[in-house]
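Survey of secondary and tertiary structure
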Amino acid sequence: MRFELPESTGRHPVGSTELHLVDSARRDPWVAGKDRELMVSIWYPARRAERHPRQPYMPPGVARSVDESGSFGLAGPGQVDWAGVRTEAAATAPADDGEDRPVVLYSPGLKTSRTLGTSTAAELASRGYVVVTVDHTYEAPAVEFPQGRVELQKPMSGIEGLKKAVDTRVRDTRFVLGQLALLHSGRNPDAEGRRLPKCLGKTLNLKRIGMFGHSGGGATAAETMRVDRRIDAGVNMDGTLQYNDSEFLPVARSGLHRPFMLMGKADQTHLNKPSWRSFWDRSTGWKRDLSLEDGSHFSYTDAQSFVPALDEHLDVPAALREQYIGTVDPERSTAAQRAFITAFFDQHLRGRPQDLLNGPSPAHPEVRFID
C-alpha cells in the first residue's frame, strides 16, 4: 500500500532538492577517520512545477531500510511501498526568485529521519519560506548518499551518548548555516557538484532565519539558538530539555532572549515538566507554550498522516495508533500545527503580527494555551 501526505495550503507551488554536504574541518564523532557528512533536503517556493517529477518521500535505500525494519513497528516487510510514495514537490524545479525568502531549518527527533518533517516543510515552502531539513548521520536510522550509499545508525546509549548526540546536532546545524551562506553567494556546496535548481541560492534571506524540530530536534533548535545568534526564532515540538531527571541541557538552565515557542501535549508543558519550567522561567524573549491536548509524541510528525492510512489498510491496533498520534483528529491536528507554526514565523521572521498567537482560537480548539 501507499499513502498521500496532505496537500499544502499556500499559494506557491513547492520545489525540492537535496544536497550532500561534507565538513572537511570536522571529523565524524561516530565513525573514526571520516569527515563529517550530511544529507539535507531543501523545500522552496517554485516558479513552476510542471514538467518536473514529484520528489519521492524517501530515497530508495532509506525506504528499503524502513521496510526491512518493520515500518516503525506498524507493518510487516513488503506491506508498505515507502519507495513509491511521492510528495507534492517538483524535484529540482526552478525557484521563484520574485523576492528573497526567510530560511527555516528542521531537525528531526532523536534517532529518526528528516523525512518525518516533510509535510510541515512543504507547507512552509508553499507559504513563501525556504525550509532545510537535516539528517544527522549515524544517528538517523538510515541516510542515503549519492550513488545509493546508505549509512546506518550507530549504537548510542546513556547520558554521554545523549550529550554527544546533542553536541553533534548543534555542530551539524551551524555547519549547514555556513553552507547556505555559500549557496547564497553563488557557490555550489554539494559535494558532487550536482546541478542546483535555478535561482535557488539568490532567494535565501539569511538575515531572517528560524528553526523548528520534533523531540530531540526541538531541543536542537533551542540549544543551537543558545550558541548561535544567526537563528532569530525557534520552535520545540514536544522535545525534552533534560538528559535525565537531574541534569538539564544548558539552554534549559539559561533560557533564551529571542522568540521561542514550545508545542507539547497534556503531559509536556512548562507546568509539569521541570526542564521546560526552567527554560520558561529563564527566557526573557517572546514565548508561548501550546498544548495539543489529545495528541501524542508523534502527532508532531508525518505519522499523523501515515498512521491513519496504514490503519485503514492494515488494521493497526488501537493502542499502537494512540501511542503514536493520540486521539486527536489527524486532519484537525495538521491544520492547527500548520496555522500556529506559520503564524509564529510570519510574526517573528516577517514582522507580521498574528492574532492567532494571542490566545485560544475557536478555529483550533485542539490547542490549549498554557499560561
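In what follows, the structure referred to is the one given above.
The rules behind these values
Residues numbered from 1 in each chain as written. Predicted model: local features only at pLDDT ≥ 70, side-chain atom pairs only at ≥ 80, totals over all residues. Heavy atoms only, no water. Helix = DSSP H or I, 4+ residues; strand = E, 2+ residues; numbered from the N terminus. Rg over C-alpha atoms; globule rule 2.2 N^0.38 Å. Buried < 20%, exposed > 50% of the residue type's maximum accessible area, 1.4 Å probe, protein only. Contact = heavy atoms within 4.5 Å. Areas by Shrake-Rupley, 256 points an atom, 1.4 Å probe, with all protein chains shown as cover. Axes fitted to C-alpha atoms, helices over the stretch in contact; angles between N-to-C directions. Parallel < 35°, antiparallel > 145°, perpendicular 65-115°, else oblique. Nonpolar A, V, L, I, M, F, W, Y, C, P; charged D, E, K, R; others polar. Phe/Tyr/Trp six-rings, centres within 6.5 Å; stacked < 30°, edge-to-face > 60°.

Take the overall build of the protein chain next. Counting its secondary structure elements, the protein chain contains nine helices and 13 strands. Taking 21 Å as the expected radius of gyration for a compact globule of 371 residues, we find that the protein chain reaches 19 Å, a close match to that expectation. Viewed in the frame of its principal axes, the protein chain has a C-alpha envelope of about 50 × 45 × 45 Å. Considering the protein chain as a whole, with its 371 residues, one finds that 60% of them fall into the buried category. Contacts in the protein chain between residues far apart in sequence, at least 24 positions, make up 76% of those at least 6 positions apart. Roughly 14800 Å² of accessible area belongs to the protein chain as shown, and the carbon and sulfur atoms make up 48% of that amount.

The interhelical angle for the contact between helix α7 (residues 303-314) and helix α8 (residues 318-325), taken along N-to-C directions, is 170°, at an axis separation of 10 Å. The orientation of α7 relative to α8 falls into the category roughly antiparallel. Side by side, α7 and α8 meet where Ala 303, Gln 304, Val 307, Pro 308 and Asp 311 of the first sit next to Arg 321, Tyr 324 and Ile 325 of the second. Class assignment of the residues belonging to the contact of α7 with α8 gives a composition of five nonpolar, one polar and two charged.

Take the packing of aromatic side chains next. If you walk through the whole model with that rule in mind, you get 14 aromatic pairs. When the ring of Phe 3 is compared with that of Trp 82, the centres are 5.4 Å apart and the planes differ by 75°; the resulting orientation is edge-to-face. Linking Phe 3 in the segment before β1 (14-27) with Trp 82 in the loop between α1 (60-68) and β4 (86-91), this pair joins segments that are 79 residues apart in sequence. Take Phe 3: its relative accessible area is 4%, and that puts it in the buried class. Judged by relative accessible area, Trp 82 falls into the buried class, the value being 1%. With centroids separated by 6.4 Å and ring planes inclined at 65°, the aromatic side chains of Phe 212 and Phe 345 adopt a geometry described as edge-to-face. With Phe 212 in strand β9 (residues 204-214) and Phe 345 in helix α9 (residues 330-349), the pair connects residues that are 133 residues apart, well separated along the chain.

Purely geometric numbers; function is a separate question.
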